[in-house]
Each structure stands twice: as structure tokens, then as C-alpha cells.
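Observations on the three-dimensional arrangement
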Amino acid sequence: MMAADMNLQVWLDTVPGTQPSVVIPYVQSHENGTVRYQLSATKQGISGTSTINQSGDVRLRANTPTALTRFSLSVGERDHCEIKLVLFANGNRAGSYQFECPQAQ
């Protein structure tokens, strides 16, 4: 069982050469357990606002990076875009993270 105050590492990765960009959020813990995630990606631009919402449960193995989900995102130079990720363990908030959306290369 995981403690709600566990030490989590969270980061985003992208799949090279994909258009639109495929984004994969990862989480890693020092102990085994299960986390629930709530992800929201919001893009604002000249064509309006779009939002992606996803949630789910993921089993973690100690010291092993685990992909939470994957989604595609097309972000233009003038768009404002951010990704918010909230993690829960044992029904308690275990971490809240905010990222700028990756720009296409």
C-alpha cells in the first residue's frame, strides 16, 4: 500500500516524429502501489479553446517509470497550452503538477 505523501517523480515525454505530437506523462515511485490520475490538457488559440480530460488507475512498480496514458496534441506557435495532472493514492491527493504543452519540432 502506498503512502499519500510518497515521493513521486512526474515528467512528460513525446514520441519523436509524430504530427500532431503524441504526449506521454510518466510517473515513478520508490515503492509499489496504485495511483489514480486526473489529467487535463487545455489549448487556447485563435480557433478557440479545446480540452482533453482523462483519468484512470495505474499500478506502479518501485523505481520503474510507468506511462499513465498517451494523447495527441497539436499546438501552434501562438497557442497557449498547459497540461495539469493530479495524482491520488489511497483516496488522498499525492501530487499536483502543471506543464507547458510540448511544441512540435
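Residues numbered from 1 in each chain as written. Predicted model: local features only at pLDDT ≥ 70, side-chain atom pairs only at ≥ 80, totals over all residues. Heavy atoms only, no water.

What about the overall build of the chain?
Of regular secondary structure, the chain possesses 0 helices and 8 strands. Each helix (α) and strand (β) of the chain, taken in turn from the N terminus, gives the series β-β-β-β-β-β-β-β. Expressed along its principal axes, the backbone C-alpha trace of the chain runs to roughly 45 × 25 × 20 Å. Counting all 105 residues of the chain, 38% fall into the buried class. For the chain, contacts bridging at least 24 residues in sequence account for 58% of all contacts bridging at least 6. Carbon and sulfur atoms provide 43% of the accessible area of the chain, an area that totals close to 6300 Å². (Helix = DSSP H or I, 4+ residues; strand = E, 2+ residues; numbered from the N terminus. Buried < 20%, exposed > 50% of the residue type's maximum accessible area, 1.4 Å probe, protein only. Contact = heavy atoms within 4.5 Å. Areas by Shrake-Rupley, 256 points an atom, 1.4 Å probe, with all protein chains shown as cover.)

Focus on the packing of aromatic side chains
A complete count under the given rule lists 1 aromatic pair for this structure. With a centroid separation of 5.6 Å and 10 degrees between ring planes, the pair formed by Trp11 and Tyr26 is classed as stacked. In this pair, Trp11 is assigned in strand β1 (residues 8-14) and Tyr26 in strand β2 (residues 21-29), connecting sequence segments 15 residues apart. (Phe/Tyr/Trp six-rings, centres within 6.5 Å; stacked < 30°, edge-to-face > 60°.)

Description of the confidence of the model for the chain
Summary statistics for the chain give a mean pLDDT of 90 and a share of 92% for residues scoring 70 or more. At the level of individual helices and strands, the chain shows its lowest average pLDDT in strand β6 (residues 71-73), which scores 91, and its highest in strand β5 (residues 66-67), which scores 98. Contacts from residues 1-5, a stretch scored under 50 in pLDDT, to residues over four places away or in other chains number 19 contacts. (pLDDT = per-residue confidence, 0-100.)

Quick word on the sheet that holds strand β3 (residues 33-45)
On the basis of which strands lie adjacent, the open sheet formed by 4 strands has the order β4-β3-β7-β8 and antiparallel pairing. Strands with a single pairing partner mark the edges of an open sheet, and in this sheet they are β4 (48-60) and β8 (92-100). Each strand of the sheet is rotated relative to its neighbour by a mean of 15 degrees, with strand direction disregarded. Pairing of β3 with strand β7 (residues 80-89), which is carried by 9 bridges, proceeds in the antiparallel orientation. In the strand pairing of β7, Thr42 is matched with Glu82. (Pairing = 2+ DSSP bridges. Axes fitted to C-alpha atoms, helices over the stretch in contact; angles between N-to-C directions.)

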